[in-house]
Amino acid sequence: MEWSCAACGTSWPTTYSFCAFCGQARAAVDTSSAEIDDVLRALVGDQLRTELVSRGGKLPEERRLVSAVFADLSGFTPLAGRLDPEALAEVVDPILAALVRIVKRGDGHVGSFAGDALLAYFGAPVAHEDDAARAVRCAQEMLAEFPALLAAAPDEAAGLSLRIGIDTGAVMARLVAGDIRTDYNILGNSVNMAQRLQSNAPPGGCVVGETTFDLTKDAFDFDHLGGLQVKGRAEPLPAWLLVGDRAPAVQRRRRRTSRMVGREAELAALARVEADGGALLLIAEAGAGKSRLLEESRSRSVRAWLEGGCAPHDSTTSFRPWVGALAGVSSGSDGLRVLRGDPDAALAALPPAQRRDLVARDVASTLASLAPVVVVLEDLHWADQASLDLLDDLLHMLPSSVTVLASSREPLSLTATVDALDLQPLVADDVAALVSDLLEGDPPTVLVHDIVRRCGGNPLYVAELALAMRERGLVEKLDGEVLVASASALEGGALDLVPNSLEGLIGARIDALPNAEERVLTIAAVLGAPVSADLISAVSIRLALPHQEIGAAIDGLRAARILDGGRFVHAVVQNTAYMRTTRARRRTLHLAAADSCHPLIAAEEQAGFLARHLYLAGAGPRAVDALEAAADQALELGRHDEAVLHLRREVELRLGSSASAAQREAAPQRRVV
Ligand SMILES: Nc1ncnc2c1ncn2[C@@H]1O[C@H](COP(=O)(O)OP(=O)(O)O)[C@@H](O)[C@H]1O
Ligand SMILES: [Mg+2]
């Protein structure tokens, strides 16, 4: 590396402290911030750089759900024995560089290289809602591109092959400061398991573990390999071999579906638009039931439906939802050729405005020729600009025999006016019906209340949570009745109950928050709802956080519809934020909560608040005293369930049981409600 003299511009090696030509001293920092940025990017990767910069060089220790991809070049060792290191690098470097590009394309993080192997993570330092699927897609692309990489490599590479293992699981993600440098480190069993799975993959194959399979089986096809015997594990490790993509139609048919509940008014509204023509935009958060509503409308319709949508991993492909919707249409008009990315030279050379116009006119006339028809464009919050422009143009020119039904998580910015339908959360009765369908029995009211509190009427959350509760043994079925198996866990909050299938979705939302909001979210999650701004401020002052940002951060969380007043819109978001926080940090936060609550919590809530936080802080004798006092007070106030919870916890602490609080909470204790 060289530096350039600021006075005369001559370049010198970095060992020179002065310009040997004009004598000017080398500036203390002669690297521009853009260069520092480039170096940082090169050393730690884009994501980590962005996170580090936005958080002032610090990263919190976090528990995260991560999909680890272990890709190994087999046949490397004999090659390394045969070749001179420099020749070896010539063979391997371009291949590894290409694999790294594939990881980055999926917005994954390259964790490490070990000679011939690459370890990549999806889910840390940044979560996406589909990290497991991104990991599988990454493996698929690596395997697909590998033959071409080999063909381009020197002859010596001929014997190499690529084998990949993927495992998904909870990890600790943190910066670890060593003597020489600081590393971003991911610690967890899934990293080892990915390697074990890889060693069981055939050349050119990818083997995944159970959680990865569960999270991605709707989108990909796998062959079950049975249980693998692996080092360091007593039981066999269930594994699946990746076979390929699943066609969208098959994906839809195989998806676990519950009975349709509620939504009668919405179905009627959709039927009206279908009859009258025009467009309707469904707006609601992820999992609210946009796709299901469209599916149900389609099943009740007699018209032809053309369906297309956008994908979270791809917001750059032009016209993606339109290409999907028009896939079965054979028209080869100029506009459709442009839309499909297949223009001839003359079309490609058209000025953009003219091209846009041509596409809109040709798509409009194609649709008119197919009328009456319903066009569905799903998930337009991920749409590329060209798709939105086309929708905008068509809204001005479509005949009433063409209906456009679109969906998005957020309002779209279009110039044309379009009717919007805000899909509301399911009401409690519908939630109860959904739970009853999924658990195959009538749920007790406490369970429905708990699920509504956690899920706020979001059907995806409801479905995943109900199934996770059954898996965890919190609910069970006896003689056709659904019972709450662990009442204490529900009363205690089962704070860490977040199904894997939701963790990515919610984690991605949390990761997208500005730094201050994320920190306040953690405090609010530990405090438990309802949260007052004063209490959050008091805790953050105690923890030496910059409390001047608190008010704005709370406003931000409200604007993001995470908090509503002092409550969490979905307690499952609170649970996710709680679960991400390391146990040690949770204890610190619980203790700070207990120490800050004095003037800020209403007198009749104070004993309970203290007891709960001191217990969760692991505060020993202080917690015992507080639990006793809280139990007394709860009894006086006639809150019997609460008193039982405090007493149970008190007994647990007095007995000094070695079992952790979390284990106790999850222990099944049947209660027939
Ligand atoms: N009204 C409903 N009745 C029963 N299940 C529903 C209903 N709405 C949504 N679901 C289920 O909830 C999950 C999420 O719904 P989905 O339509 O995919 O949400 P979105 O498209 O808004 O992200 C799906 O499994 C779906 O079958
Ligand atoms: Mg959807």
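Note that the structure is a prediction, hence the values are computed from the model and not measured.

Novice: Help me out: how do you make sense of a negative patch on the surface in this one?
Specialist: On the surface, a cluster of negative charge is made up of D84, E86, E90, D93, D155 and E156. Topologically, D93 is positioned in helix α4 (residues 85-105).

Novice: When you look at the sheet that holds strand β13 (residues 373-378) in this model, what are you seeing that I'm missing?
Specialist: Two pairing modes exist for strands in a sheet, parallel and antiparallel, and in both the strands are linked by backbone hydrogen bonds. Spatial strand order, β12-β13-β14-β11-β15: five strands in an open sheet with parallel pairing. Only two strands of the sheet have a single partner each, and these edge strands are β12 (304-309) and β15 (419-422). Strand-to-strand twist across the sheet, computed as the mean angle between neighbouring axes with direction ignored, equals 20°. Pairing of strand β11 (residues 278-283) with strand β14 (residues 402-408), which is carried by six bridges, proceeds in the parallel orientation. Following the sheet pairing, I283 is matched in β14 by S408.

Novice: Looking at this structure, how should I read the packing of helix α21 (residues 515-527) against helix α22 (residues 533-542)?
Specialist: If you want to describe how two helices pack, look at the angle between their axes and the distance between the axes. The geometry of α21 relative to α22 is characterised by a closest axis approach of 10 Å and an angle of 110° between their N-to-C directions. By the angle class used here, α21 and α22 are roughly perpendicular. Across from V520, I523, A524 and L527 in α21, the residues of α22 making contact are L535, I536, V539 and S540. Considered class by class, the residues forming the contact of α21 with α22 number seven nonpolar, one polar and no charged.

Novice: How should the packing of aromatic side chains be read in this particular structure?
Specialist: Aromatic ring pairs are described here by two measures, namely the spacing of the ring centres and the angle between the planes. Evaluated as defined, the whole model comprises two aromatic pairs. Their ring planes at 75° and their centres at 5.5 Å tell us that F213 and F222 sit as a pair that is edge-to-face. Neither F213 nor F222 differs from the other in exposure class; each is buried. Taken together through their ring pairs, the aromatic side chains of F213, F222 and W240 make up a single cluster.

Novice: Could you clarify how one ought to interpret the side chain of T216 in this entry?
Specialist: On the secondary structure map, T216 appears in helix α7 (residues 210-216). Every residue in contact with T216, bar those within four places of it in the chain, is listed here: A132, A133, V136 and F222.

Novice: Which parts of the structure should I look at to understand unusual backbone geometry?
Specialist: Excluding glycine, a negative phi dihedral is what most residues carry, and trans is how most peptide bonds are arranged. Looking along the chain, the bond that leaves A124 and enters P125 is cis, with omega of 0°. Summarising the element assignment, P125 is placed in the loop between β5 (117-122) and α5 (131-152). The amide bond that connects A371 to the next residue, P372, takes the cis arrangement and shows omega of 0°. Relative to the helices and strands, P372 is located in the loop between α14 (352-370) and β13. In this model, R263 sits at a positive phi of 65°, which is unusual for a non-glycine residue. You can see R263 is positioned in the loop between α8 (248-254) and α9 (264-276). Residue R263 is classed as buried on the basis of its relative accessible area, which comes to 9%. For D379, which is not glycine, the phi dihedral falls at a positive 55°. Position of D379 among the secondary structure elements: in the loop between β13 and α15 (385-395).

So, how was this worked out
Residues numbered from 1 in each chain as written. Chains lettered and ligands numbered in written order. Predicted model: local features only at pLDDT ≥ 70, side-chain atom pairs only at ≥ 80, totals over all residues. Heavy atoms only, no water. Patch = residues over 30% accessible without salt bridge, like charges linked within 9 Å, V, L, I, M, F, W, Y side chains within 5 Å. Areas by Shrake-Rupley, 256 points an atom, 1.4 Å probe, with all protein chains shown as cover. Salt bridge = Lys/Arg side-chain N within 4 Å of Asp/Glu carboxyl O. Lys, Arg positive; Asp, Glu negative; His and termini not counted. Charge placed at Lys NZ, Arg CZ, Asp CG, Glu CD. Helix = DSSP H or I, 4+ residues; strand = E, 2+ residues; numbered from the N terminus. Pairing = 2+ DSSP bridges. Axes fitted to C-alpha atoms, helices over the stretch in contact; angles between N-to-C directions. Parallel < 35°, antiparallel > 145°, perpendicular 65-115°, else oblique. Contact = heavy atoms within 4.5 Å. Nonpolar A, V, L, I, M, F, W, Y, C, P; charged D, E, K, R; others polar. Phe/Tyr/Trp six-rings, centres within 6.5 Å; stacked < 30°, edge-to-face > 60°. Buried < 20%, exposed > 50% of the residue type's maximum accessible area, 1.4 Å probe, protein only.

None of the figures reported here should be taken as evidence of function without further support.
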